Amino acid sequence: MSGEASSHPPLPSHKPRVVSLAAGTALTEKRCVPCEADKGALSYMGMCLTLDRPAAQRMLSEIPGWELFEDAEQRLHLRRQWRTKTFVKALELCERIGEVAETEGHHPDLHVTGWNKPAVELWTHARVELPCQQGWNKLAVELWTHARDGLTDNDFIMAAKINEIPKEDLLRKPKKKLAEE
Ligand SMILES: C[C@H](O)[C@H](O)[C@H]1CNC2=NC(N)=NC(=O)C2=N1
């Protein structure tokens, strides 16, 4: 991968910026990449293409607890909701998610409803037009892969990293099932 994504805040010095695209690398080991053409999307081509529903469905298994849904404009999103002990702890969870989003330069929609139900929705807003290869040695400039706003690798990387955020101290304990009478 060439180039440093200039739009992202600098990483802490102890962590070299490595964008791993290797297949099989855990999502939590990957880094989000800019998906705007003017921010170098071409150099991260593979990670900026919009994922179709079958690809998104397959990747869901790597992010337990998340669901796939389509918005009014048929755009795919990822969604997960938690129940926290208090309203303030819901805001604290949003704060912790926000820190990861700022580090990764990829941001979720955050909703707190019913005072203690923070929900996260992830999708990539950027519209990216990337040239696509036509045959092994021809770049068909007139043929563009139109990656519309929707789900990209970035969203799954963010979902996996959000799953890793310590949050047990914020969450309501699941109700104990009443013992069978
Ligand atoms: C410059 C910066 O990298 C881009 O504007 C990022 C910011 N965060 C983002 N977050 C999301 N969810 N989608 C984007 O397309 C996006 N673009």
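Structure: see above.
Owing to the predicted nature of the structure, the values given are computational and were not obtained by experimental measurement.

Within the protein chain, the secondary structure is distributed over 4 helices and 6 strands. In the protein chain, the succession of helices and strands from N to C terminus is α-α-β-β-α-β-β-β-β-α. A total of 181 residues make up the protein chain; the buried ones form 41% of that total. Put simply, 63% of the contacts in the protein chain that link residues at least 6 apart link residues at least 24 apart. In the form shown here, the protein chain has an accessible surface area of approximately 10,600 Å², with 56% of it arising from carbon and sulfur atoms.

The subject of this paragraph is the site of the ligand. Close to the ligand lie 10 residues, the nearest being Glu36, His107, Trp123, His125 and Ala126. Between the ligand and His107 there is a distance of 2.8 Å, counted from a nitrogen atom to a side-chain nitrogen or oxygen. Between the ligand and Trp123 there is a distance of 2.7 Å, counted from a nitrogen atom to a backbone nitrogen or oxygen. Relative to its free-state accessible area of 390 Å², the ligand is covered by the protein chains to the extent of 79%. Grouping the constituent residues of the shell around the ligand by class yields 2 nonpolar, 6 polar and 2 charged.

Once that is clear, we can look at the environment of Pro34. Within the secondary structure, Pro34 is located in the segment before helix H1 (45-48). Taking the C-alpha atoms as reference, Pro34 lies 18 Å from Glu121; in sequence the two are 87 residues apart.

This part takes up helix H3 (residues 87-104). The end-to-end C-alpha distance of H3, which contains 18 residues, comes to 26 Å, matching closely the 26 Å that a straight helix rising 1.5 Å per residue would cover. Considered for burial, the residues of H3 that qualify are Ala90, Leu93, Cys94, Arg96, Ile97, Val100, Ala101 and Glu104. For H3, the angular spread of the buried residues around the axis is 160°, confining them to a single face. Packed against the buried residues of H3 are strand E3 (109-113), strand E4 (117-122) and helix H4 (153-164).

Pairing of strand E1 (residues 67-70) with strand E2 (residues 76-81) involves 4 bridges; the strand directions are antiparallel. Note that in E2 the partner of Glu70 across the bridge is Leu76. If you look at the hairpin formed by E1 and E2, you'll find 5 residues sitting between the two strands, and Gln74 has a positive phi there, around 60°.

With respect to topology, 4 strands assemble into an open sheet ordered E1-E2-E4-E3, the strand pairing being antiparallel. Each end of this open sheet is capped by a strand with a single partner; those strands are E1 and E3. Each adjacent strand pair in this sheet contributes to an overall mean axis angle of 30°, direction not counted. Across 5 bridges, E3 lies against E4 in antiparallel orientation. From the neighbouring strand, Leu110 faces E4, where its bridge partner is Val120. Sheet strands touched by H3: E3 and E4. Its angle to E3, the strand with the most contacts, is close to 175°. Against the sheet, H4 touches E2 and E4, its axis set at about 155° to E4.

The rules we used
- Residues numbered from 1 in each chain as written.
- Predicted model: local features only at pLDDT ≥ 70, side-chain atom pairs only at ≥ 80, totals over all residues.
- Heavy atoms only, no water.
- Helix = DSSP H or I, 4+ residues; strand = E, 2+ residues; numbered from the N terminus.
- Buried < 20%, exposed > 50% of the residue type's maximum accessible area, 1.4 Å probe, protein only.
- Contact = heavy atoms within 4.5 Å.
- Areas by Shrake-Rupley, 256 points an atom, 1.4 Å probe, with all protein chains shown as cover.
- Near = heavy atom within 4 Å.
- Polar contact = N/O pair within 3.5 Å; in protein donor to acceptor, adjacent residues only side chain to side chain.
- Nonpolar A, V, L, I, M, F, W, Y, C, P; charged D, E, K, R; others polar.
- Expected span 1.5 Å × (residues − 1).
- Arc of directions from axis to C-beta.
- Pairing = 2+ DSSP bridges.
- Axes fitted to C-alpha atoms, helices over the stretch in contact; angles between N-to-C directions.

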